[in-house]
Amino acid sequence: MEETIKVKWKTGVCGQGEKCWCRTISPVDPILDEEQSEMYIVGQGEMSTFHAEYIVNLHNKSLENEM
């Protein structure tokens, strides 16, 4: 899971699509876990669109500042 902190993130939608209130957060380039499933930072139904986009923006800007 530590590798997810070192890469850029993106928001995604759940099965209900864009109209849903929530967003997922995952690495831009997929990272697979032990079972070869894509890792998520935040799963569906766990975070509002506003907060997910805000956190992704902060995280990605922090990576840019480290470079």
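You'll find the structure just up there.
Notes on the structure in this doc start here. (Residues numbered from 1 in each chain as written. Predicted model: local features only at pLDDT ≥ 70, side-chain atom pairs only at ≥ 80, totals over all residues. Heavy atoms only, no water.)

Concerning the packing of aromatic side chains
- Enumeration over the complete set of coordinates arrives at one aromatic pair.
- Between phenylalanine 50 and tyrosine 54 the ring centres are 6.4 Å apart and the planes differ by 15°, which places this aromatic pair in the stacked class. Of the two residues, phenylalanine 50 and tyrosine 54 both sit in helix α1 (residues 49-66), four residues apart, roughly one turn of that helix. (Phe/Tyr/Trp six-rings, centres within 6.5 Å; stacked < 30°, edge-to-face > 60°. Helix = DSSP H or I, 4+ residues; strand = E, 2+ residues; numbered from the N terminus.)

Brief notes about the pattern of salt bridges
- All chains considered together, the criterion is met by two salt bridges.
- With a shortest N-O distance of 3.2 Å, glutamate 64 and lysine 8 are connected by a salt bridge. You can see glutamate 64 sitting in helix α1 and its partner lysine 8 sitting in the segment before β1 (9-12), a full 56 residues away along the chain. (Salt bridge = Lys/Arg side-chain N within 4 Å of Asp/Glu carboxyl O.)

Considerations on the side chain of threonine 49
- Turning to its location among the elements, threonine 49 is positioned in helix α1.
- Side-chain polar atoms of threonine 49 contact the backbone oxygen of tryptophan 21, separated by 2.9 Å.
- When residues no more than four places from it in sequence are discounted, the contact partners of threonine 49 are Cys20, Trp21, Cys22 and Arg23. (Polar contact = N/O pair within 3.5 Å; in protein donor to acceptor, adjacent residues only side chain to side chain. Contact = heavy atoms within 4.5 Å.)

So, to be careful, I would describe these as geometric facts and stop short of saying anything about function.
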